[in-house]
Amino acid sequence: MGKTLVAYFSAEGTTARVAREVAEATGADLYEIRPAEPYTTADLDWRNKRSRSSQEMNDPACRPELAEGAPDASGYDTVLLGFPIWWYVEPRVVDTFVEAANLAGVRVTPFATSGGSGIAGAEKSLAEKYPDVAWQTGALLNGRDVAAWARTAVA
């Protein structure tokens, strides 16, 4: 097992809790993907077509600015990339991270949390947008044994 990074975006804390469990189980470094402008409750109202999250997700080219520069992931053997599912895919701020983190050739396994959507749409989206990344099969970690999954993801 080589050097591992757990990079995650969490809007409401759910993915953050899972990411901390993943990092603890694997001994990985932990990096929080934070937007320069934090999301408010109103921003996250997916029922409101004018909310920030709705507008971002309706614009495939949107790349919210990060609060701090992304780490250079080329020094890692594995990156475990966590996020909540938004509109069946990864949030746009995750795309910002992927584009900034130098993930070409790095083994990246996505993991997600969701109130009802699967991870397949995000896996397809990421693979299509970033074909130079060595994407691995991801997992939706709602109600799963997070530590057991994490250990297999870095094996």
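Provided above is the structure to which this section pertains.
Report follows, based on the coordinates.

Scoring rules and cut-offs
Throughout, residues of each chain are indexed from 1 in the direction in which the sequence is written. pLDDT decides what is reported in this predicted model: residues at 70 or higher carry local features, side-chain atom pairs at 80 or more are listed and counted, and totals for whole chains, interfaces and linings draw on all residues regardless. Each side-chain value is worked out from all heavy atoms of the structure, with water and hydrogens disregarded. The helix count covers DSSP runs of H or I at least four residues long, the strand count covers runs of E at least two residues long, and both are numbered beginning at the N terminus. For every residue, the accessible area (1.4 Å probe, protein chains only) is compared with the maximum for its type, and the residue is labelled buried under 20%, exposed over 50%, or partly exposed between those bounds. Within this document, salt bridges are pairs made up of a side-chain nitrogen of Lys or Arg and a carboxyl oxygen of Asp or Glu, the two lying within 4 Å of each other. Classification of ring pairs uses Phe, Tyr and Trp, with its six-membered ring standing for Trp, and accepts pairs whose centres are within 6.5 Å; under 30 degrees between planes counts as stacked, over 60 as edge-to-face, and the remaining range as tilted. Side-chain atoms alone can form a polar contact between residues adjacent in sequence; in general such a contact is a pair of N or O atoms within 3.5 Å, and within protein one must be able to donate a hydrogen while the other accepts it. Here, residues are in contact when the closest pair of their heavy atoms is within 4.5 Å. Looking down the strands as they point away from you, a crossover is right-handed if its path from the first strand over the helix to the second goes clockwise. The pairing criterion is simple: DSSP has to find at least two bridges between the two strands.

The next subject is unusual backbone geometry. Positive phi values are uncommon outside glycine, yet tryptophan 87 reaches one of about 55°. Position of tryptophan 87 relative to the elements: it lies in the loop between strand S3 (78-84) and helix H3 (92-100). Overall, the relative accessible area of 34% leaves tryptophan 87 in the partly exposed class. For tyrosine 88, which is not glycine, the phi dihedral falls at a positive 70°. Position of tyrosine 88 relative to the elements: it lies in the loop between S3 and H3.

This part covers the pattern of salt bridges. Under the criterion given, the structure shown has 10 salt bridges. Of the charged contacts in the structure, one is a salt bridge between glutamate 37 and arginine 52, with a shortest N-O distance of 3.8 Å. Taken together, the residues span a long stretch of sequence, with glutamate 37 in the loop between strand S2 (29-32) and helix H2 (52-57) and arginine 52 in helix H2 at a distance of 15 residues. Between lysine 129 and glutamate 90 there is a salt bridge, and its shortest N-O distance comes to 2.6 Å. With lysine 129 in helix H4 (residues 120-129) and glutamate 90 in the loop between S3 and H3, this residue pair connects regions lying 39 residues apart in the sequence. Glutamate 90 gets classed as buried once you look at its relative accessible area, which sits at 0%.

In this section: the packing of aromatic side chains. The full count for this structure, using the stated rule, is six aromatic pairs. Judged by centre distance (5.6 Å) and plane angle (85°), the rings of phenylalanine 9 and tryptophan 86 are edge-to-face. Here phenylalanine 9, found in the loop between strand S1 (4-8) and helix H1 (14-26), pairs with tryptophan 86, found in the loop between S3 and H3; they are 77 residues apart in sequence, far enough to count as distant. Relative accessible area serves as the criterion here: at 9%, tryptophan 86 is assigned to the buried category.

Attention now moves to the side chain of threonine 4. Here threonine 4 lies in strand S1. In this structure threonine 4 comes out as buried when scored by relative accessible area, which is 5%. Here the side chain of threonine 4 touches glycine 2 through a polar contact of 3.5 Å, landing on its backbone oxygen. Excluding residues within four positions of it along the chain, threonine 4 makes contact with Ala28, Asp29, Tyr76, Thr78, Leu80 and Val154.

Let's shift gears to the side chain of glutamate 90. Engagement of the side chain of glutamate 90 in a polar contact is seen with the side chain of serine 125, the distance being 3.0 Å. One polar contact links glutamate 90 to lysine 129, side chain to side chain, over a distance of 2.6 Å. Residues in contact with glutamate 90, not counting those within four places in the same chain, are Met57, Phe83, Asp95, Ala122, Ser125, Leu126 and Lys129.

Further remarks concern the pairing of strand S4 (residues 107-113). With six of seven residues buried, S4 lies mostly within the body of the structure. Viewed along the sheet, the connection from S3 through H3 into S4 turns out right-handed. For S4 and strand S6 (residues 139-140), the ladder comprises two bridges, and the chain directions are parallel. Among the inter-strand pairings, phenylalanine 111 is bridged to a residue of S6, identified as alanine 139.

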